[in-house]
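Residue-level listing of the chains:
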Number of protein chains: 2
Amino acid sequence: MKTLTVVGIGAGNYEGMTVGAVRALEEADLIVGYTVYCDLVKPYFPGKEFLSTPMMKETERCRLALEQAAAGKKTAMICSGDAGIYGMASPILELAGEYGVSVEIVPGVTAASSGAALLGSPLTCDFAVISLSDLLTPWETIEARLEAAAAGGFCAVLYNPSSKKRADYLKTACGIFLKHRAPETVCGVARQIGRDGEETALMTLAELAEYRADMFTTVFIGNDSTKIIDGKMVTPRGYRHE
Amino acid sequence: MKTLTVVGIGAGNYEGMTVGAVRALEEADLIVGYTVYCDLVKPYFPGKEFLSTPMMKETERCRLALEQAAAGKKTAMICSGDAGIYGMASPILELAGEYGVSVEIVPGVTAASSGAALLGSPLTCDFAVISLSDLLTPWETIEARLEAAAAGGFCAVLYNPSSKKRADYLKTACGIFLKHRAPETVCGVARQIGRDGEETALMTLAELAEYRADMFTTVFIGNDSTKIIDGKMVTPRGYRHE
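First things first, this report covers the structure right here in the doc. (Residues numbered from 1 in each chain as written. Chains lettered and ligands numbered in written order. Predicted model: local features only at pLDDT ≥ 70, side-chain atom pairs only at ≥ 80, totals over all residues. Heavy atoms only, no water.)

1. Let's talk about the pattern of salt bridges
Should the charged atoms of two oppositely charged side chains come close, the side chains can pair. All names here are of chain A. Considering all chains together, one arrives at 20 salt bridges over all chains under this definition. Across the pair Asp39 and Lys42 runs a salt bridge, and its minimum N-O distance is 3.7 Å. Classification of Asp39 by relative accessible area gives partly exposed; the value is 45%. Residues participating in the shared-partner salt-bridge network are Arg191, Glu199 and Asp214. (Salt bridge = Lys/Arg side-chain N within 4 Å of Asp/Glu carboxyl O. Buried < 20%, exposed > 50% of the residue type's maximum accessible area, 1.4 Å probe, protein only.)

Laid out in structure tokens, this is it:
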């Protein structure tokens, strides 16, 4: 059976790719992906054939990759971060049957992990991962999940915290957390993780509500035990150190 | 300043390590870790010096690594999965100041991602990560988070679902989800991810309540939209495929 490999490339730098991801892309005849991600990995795989489609064309991109795999071409589809976390693994699995193609998924390091490593250790505790994009999920559902995460004492990672059309979504999300947590709660943001212009910032929950995130930002909201230690955001796991 | 590198090694096989993790361990003079994880990576770094401590000796292990780094030895501490998700990043950051050692964290692929890739794509949606171990978190807190995740419609990943002393914790957790989700809700388990004896199974939420998990198992609980497609557990992202 023909196989399509869906590969999580991590943040986008070579260091952040797994050995398995590198191998899968080296073995592929064709790499399909969103234009920005193709441009990120091209330098590491010189001479490789790439096929890219712009954002918002996800189904088209999936069908393109599946057609190529069905035609017998060794095809890899790339996703940023992990293939299964807001990535292309689900739409590919939904469509693969139509093409008689089997699917192999190579996991990657998601922004929750790569961003956390830059900030310190904000997630060494139970946490919730929530996307603020309402393109595919109704905003009421997102709000209910923010409310549940805030009330449940979860640390939270917010993906897609903002875009031009959704400039105030992060503020709204912070407002929900502020109902359950102190304004001084430690929060952090990581931008352009693993890419040129990588930067992080620590701030309070009250400050985060006024922060202007962009689509390259991942947001971390601490819980009641999160603190700053030597400039790092740390949620203690709970060990008693003697 | 002396530096200690905390490295997430992923599931434990070479393919699952990032290029950055491999490089960090190749450059280290000494690798410190829990015995099981040291044994997993030893074959990939022949001739390297290892120092291992048994489970439950986390603070001791951290202090050992920090002492060695402070003494000028290039030291890497390894954690399974990601260093920041139930890993050693937090205790190391809490203790590093005592030793005058700076900390670098190399993120890795956590079991939520590596297990999901084996099962299909159970997490391509908002999700919560919860450990059922009550060694460091009171059980009432864990129950409150399970309740919040279930009520909030999150897919859930359960780490440390069971041990000899906590044989019925998974059943209790499933009972909480069953208050909010149908008994037919699609669930899955992944055991020994990336290691000898790797296996997965799909089952309903009602069946999961009776499943005998062990400490090598990661548990995935779907939400109302999770389904089985060609033997894979898939939570659709919500794209409308035309």
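2. What to know about the interface of chain B and chain A
Between chain B and chain A, the contact holds 64 residues from the first and 64 residues from the second. A buried area of about 5,800 Å², summed over both sides, lies between chain B and chain A, and 57% of it is on carbon and sulfur atoms. By the criterion of area lost to chain A, the three top residues of chain B are Arg145(B), Arg237(B) and Tyr239(B), representing 13% of everything that side buries. In this structure, the connection of chain B to chain A is made through 4 salt bridges. Here Glu15(A) makes a salt bridge to Arg23(B), at a shortest N to O gap of 2.3 Å. For the interface between chain B and chain A, the tally reads 29 residue pairs in polar contact (both at pLDDT 80 or more). Mapped onto the side of chain B that touches chain A, the elements with two or more residues apiece are helix 1 (19-27), helix 3 (58-70), helix 4 (89-99), helix 5 (111-119), strand 6 (120-121), strand 7 (127-131), helix 6 (139-151) and strand 13 (232-234) of chain B. Considering every element that reaches the side of chain B that touches chain A, the biggest residue donor is helix 4 of chain B, with 7 residues. Taken together, the residues of the side of chain B that touches chain A break down into 29 nonpolar, 22 polar and 13 charged. Note that strand 7 (residues 127-131) of chain A and strand 7 of chain B share 3 bridges and pair antiparallel. (Contact = heavy atoms within 4.5 Å. Buried area = accessible area lost by both parts, 1.4 Å probe. Polar contact = N/O pair within 3.5 Å; in protein donor to acceptor, adjacent residues only side chain to side chain. Helix = DSSP H or I, 4+ residues; strand = E, 2+ residues; numbered from the N terminus. Nonpolar A, V, L, I, M, F, W, Y, C, P; charged D, E, K, R; others polar. Pairing = 2+ DSSP bridges.)

In short, shape yes, function no, at least from these values alone.
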